[in-house]
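# Structural overview
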Amino acid sequence: MNKKVMWIIIVVLVALVSLFMYNQYLAPQATEGEKAVTVEVIAESQGIEKIYDLNTDAEYLYDLLMEIQDDVKPEFEEASFGIYITGLEGYTADEAKNEFYAIKVNGVDAVVGVKELPVVDGEVYRFELSNW
Amino acid sequence: MKASDITLIAILSASLTAGKLVLSVVPNVEVVTFLLIVYTVMFGIKRAMFATIVFVTTEVLMYGFGTWIMGYYVIWPMLILLTHFISKHTKSEYGFAILASIYGFSFGLFFALFESIFYGISYAIPYWISGLPFDIVHGVSNFIIVLVLFNPITKTIEHLKKE
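Residues numbered from 1 in each chain as written. Chains lettered and ligands numbered in written order. Predicted model: local features only at pLDDT ≥ 70, side-chain atom pairs only at ≥ 80, totals over all residues. Heavy atoms only, no water.

### Digging into the pairing of strand 3 (residues 75–79) of chain A
Residue and element names in this part refer to chain A. Formally: Between any two strands, at least two bridges found by DSSP are needed for them to pair. Secondary structure counts use DSSP, requiring at least four H or I residues in a row for a helix and at least two E residues in a row for a strand, with both numbered from the N terminus.
One ladder, built from five bridges, connects strand 3 with strand 4 (residues 82–88); its direction is antiparallel. Within strand 4, the residue paired with Glu75 across the bridge is Gly87. Counted along the chain from strand 3 to the antiparallel partner strand 4, the turn is two residues long.

Listed below in structure tokens is the structure:
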């Protein structure tokens, strides 16, 4: 077998094992069970300020939003890095105005998206219409 | 600096921007690392360094200023220095492929450490860990790109230089 092809196969295999190990041991793990959390949706310019105190079994924030989708009316967009929120409460962030929905967990900017953010008992999730 | 050097630097930096834009749809698969390695080996440290500075400054013009851009001003010139150092010892594509791969794997770690200067270490650790799958993709794709393309591209440039 061509030496380069062999090395490429080895490196890809090592990467796949590493990704598997990551998902097993390092990726954020959600806990199941009854959790009391708060979801805040703020779009000051649109006069939207909604606060939901919820009890949920949702594992990730995305699941939680889907549970209350009739109220918060979440809109998402698919991107190469995953999905991101484009609209809430009937208002869609206007890209032309550099608007986006910032996600804050207990007041701190989230570093991952809604599908990776585990829902943890007692936390406050704030979606705030912001400008970049 | 000669006029031909200035022209060359303009072309090299434009190709870096174009290469980055073309692959921007695929997360963490990029040819900038590969191109910088090739440019350093083929055109020397000085021209590659100028091309990098123009490239990063173009990024500022395109995406605006952020703390990450300061990281870019450090990480890409560092790659050129490392390539220059390695090219003194070996011209093998394997050596450069390993360098590119290590670079890809440690990209997230570098930025986590760099951003921790501004946001603290408690920000850096989750930032790094959540980005690890992307770093793995980055390292592997860098390795494959350099291993497969290094020889054909350097030979083509060599050929063009003779003409």
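Next comes the rest of the description.
### Some points on the environment of Trp68 of chain B
Residues and elements named next belong to chain B. Basically, it comes down to this: The classification of residues rests on relative accessible area computed with a 1.4 Å probe and restricted to protein chains. Under 20% of the type maximum is buried, over 50% is exposed, and intermediate values are partly exposed. Any two residues having at least one pair of non-hydrogen atoms within 4.5 Å are treated as being in contact.
For Trp68, the position within the fold is in helix 4 (residues 67–87). The exposure class of Trp68 is partly exposed, given its relative accessible area of 27%. C-alpha of Trp68 to C-alpha of Phe114: the two residues are 46 residues apart in sequence and 8.2 Å apart in space. Residues in contact with Trp68, not counting those within four places in the same chain, are Glu59, Tyr63, Phe111 and Glu115.

### Focus on the sheet that holds strand 5 (residues 91–92) of chain A
Residues and elements named next belong to chain A. The antiparallel open sheet is built from three strands, whose spatial order is 3-4-5. Each edge of the open sheet carries a strand with a single partner, namely strand 3 and strand 5. As judged from the two bridges shared by strand 4 and strand 5, these two strands associate in the antiparallel manner. Across the sheet, the residue bridging to Leu88 is Tyr91, located in strand 5.

### Describing the packing of helix 3 (residues 45–63) of chain B against helix 4 of chain B
Packed helices, taken two at a time, are described by their axes: the angle between them and the distance between them. Residue and element names in this part refer to chain B. In plain terms, the rule: Axes, fitted as lines to C-alpha atoms, cover a helix only where it is in contact. Angles between the N-to-C directions of the axes lie from 0 to 180 degrees. Throughout this description, any angle smaller than 35 degrees is read as roughly parallel, any larger than 145 degrees as roughly antiparallel, any in the 65 to 115 degree range as roughly perpendicular, and the remainder as oblique. Crossing handedness follows the turn of the near helix against the far one: under a right angle anticlockwise gives a left-handed crossing, and clockwise gives a right-handed one. Only Asp, Glu, Lys and Arg are considered charged, only Ala, Val, Leu, Ile, Met, Phe, Trp, Tyr, Cys and Pro nonpolar, and every remaining residue, Gly among them, polar.
Their axes nearest at 10 Å, the elements helix 3 and helix 4 cross at an angle of 160 degrees. In terms of orientation, helix 3 lies roughly antiparallel with respect to helix 4. Every pair of crossing elements has a handedness; the one defined by helix 3 and helix 4 is right-handed. On the side of helix 3, the interface is formed by Ile45, Ala48, Met49, Thr52, Ile53, Phe55, Val56, Thr57, Glu59, Val60 and Tyr63, while helix 4 contributes Trp68, Ile69, Tyr72, Tyr73, Trp76, Pro77, Ile80, Leu81 and His84. Looking at side-chain class alone, the contact of helix 3 with helix 4 contains 16 nonpolar, three polar and one charged residues.

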